[in-house]
Amino acid sequence: MLLTARAQLRMDAGLHDAAIADLEGALVLDAAEVAPALVAGLHRQRDAAREAGNADIERAATLRLVEVLTLQDRRDEARAALGEWIERDRKDSAALQLLVELDTLDERWDAVVKSCGRLVAIEQGDAQTHAAMRLADACRQLGRPEDAKAGLEHARRKQPGNVEIRDALREVYEQIGAERELARLLAAEADETEDAEARAALRRRASELFVAQGDTEAALPLIQALLEARPDDLGAALLLSDTYLALDEVDAAAGVLETAYGD
């Protein structure tokens, strides 16, 4: 084929960009025949760009190389090329996302966790949310939900109002028995919840968890808020009384019970 022959001549002459353009054109005409030559050409273009210190061309050649290798089901080679580039530019989010896709195809969940952890650290907004969800899913696949905790907490700090991240973190806390962290999260969720019944349920559970952990000071304002919203809530009154007793505030505990049961 004329294009591939010319591409070889141009490649040998060091005209890598022109050679790749010829090979890309030939690929449209006969993908099966031309793909191996394009892979070899992209390797040479990438290596030449690296030697010349041209990171932009090196990156572009690498990503195209990964695409072509993936289309040929040569994912191990694609992963190796991509991993080599990522070690040179550890904050290349597009490259990391591509690596996540490759590793997900082969169910390499440990590798997915590692890459998604990096993405959560460097991304923002929707991209960070997506990476956090992929991280949580990979950890579930491994049966190690605790490994998602740090990444989800980081995403939560960056996006405190993101419901998807909050719910994923809540699930992790519940699975690993992180009751103090769960209580804090539920208390914050209650403050964000408009529905009165749902808000009360969240505050009740959060306060119970705080009490179980011995953190009566954290539980106290939550229980007080429950009673302010529903003065006839006997369960909340009893919980508040027990909390005051735990704080050695006997008179306050007695006052709560007197109010709840009447004089």
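Parameters at a glance
Residues numbered from 1 in each chain as written. Predicted model: local features only at pLDDT ≥ 70, side-chain atom pairs only at ≥ 80, totals over all residues. Heavy atoms only, no water. 1 Å grid on protein atoms, 1.4 Å probe; cavity = no way out; pocket = protein on both sides within 12 Å on 5 of 7 lines; lining within 4 Å. Points joined across faces, edges and corners; volume = space filled by probe spheres on them. Helix = DSSP H or I, 4+ residues; strand = E, 2+ residues; numbered from the N terminus. Nonpolar A, V, L, I, M, F, W, Y, C, P; charged D, E, K, R; others polar. Salt bridge = Lys/Arg side-chain N within 4 Å of Asp/Glu carboxyl O. Buried < 20%, exposed > 50% of the residue type's maximum accessible area, 1.4 Å probe, protein only. Core = buried A, V, L, I, M, F, W, Y, C linked by side-chain atoms within 4.5 Å. Contact = heavy atoms within 4.5 Å.

1. Some words on empty space enclosed by the protein
And step 1. Within the structure shown, the criterion is met by one cavity of 30 Å³ or more.
And step 2. Roughly 30 Å³ of internal volume is contained in the largest cavity.
And step 3. If you go around the largest cavity, the residues you meet are Ala136, Arg140, Pro145, Ala168, Glu171, Val172 and Gln175.
And step 4. Put simply, the parts of the chain that give the lining of the largest cavity at least two residues each are helix H8 (125–142) and helix H10 (163–176).
And step 5. With four residues, H10 is the single largest residue contributor to the lining of the largest cavity.
And step 6. Partitioning the lining of the largest cavity into residue classes produces four nonpolar, one polar and two charged.

2. Description of the pattern of salt bridges
And step 1. Evaluation of the coordinates by the stated rule reveals 34 salt bridges.
And step 2. A salt bridge links Arg64 to Glu67; the nearest nitrogen and oxygen atoms lie 3.1 Å apart. Pair noted here: Arg64 and Glu67 are both in helix H4 (residues 55–71), with a separation of three residues, about one helical turn.
And step 3. The partly exposed category is assigned to Arg64, whose relative accessible area is 23%.
And step 4. Judged by its relative accessible area of 41%, Glu67 is partly exposed.
And step 5. Residue Lys149 is joined to Glu153 by a salt bridge in which the shortest nitrogen-to-oxygen separation is 3.1 Å. Of this pair, Lys149 and Glu153 both sit in helix H9 (residues 149–158), four residues apart, which is roughly one turn of the helix.
And step 6. Among the ionic contacts, a cluster of salt bridges with common partners joins Arg156, Arg166, Asp167, Arg170, Glu174, Glu189, Glu192 and Arg205.

3. Side note on the nonpolar core
And step 1. Within the largest apolar cluster, 71 residues are counted, with the highest numbers of intra-cluster contacts made by Leu38, Leu82, Leu135, Ala148 and Leu152.
And step 2. Considering each element in turn, this core owes the most residues, seven residues, to H8.
And step 3. Among residues more than four places away in sequence, those in contact with Leu82 are Leu63, Val66, Ala95, Leu98, Leu99 and Leu102.

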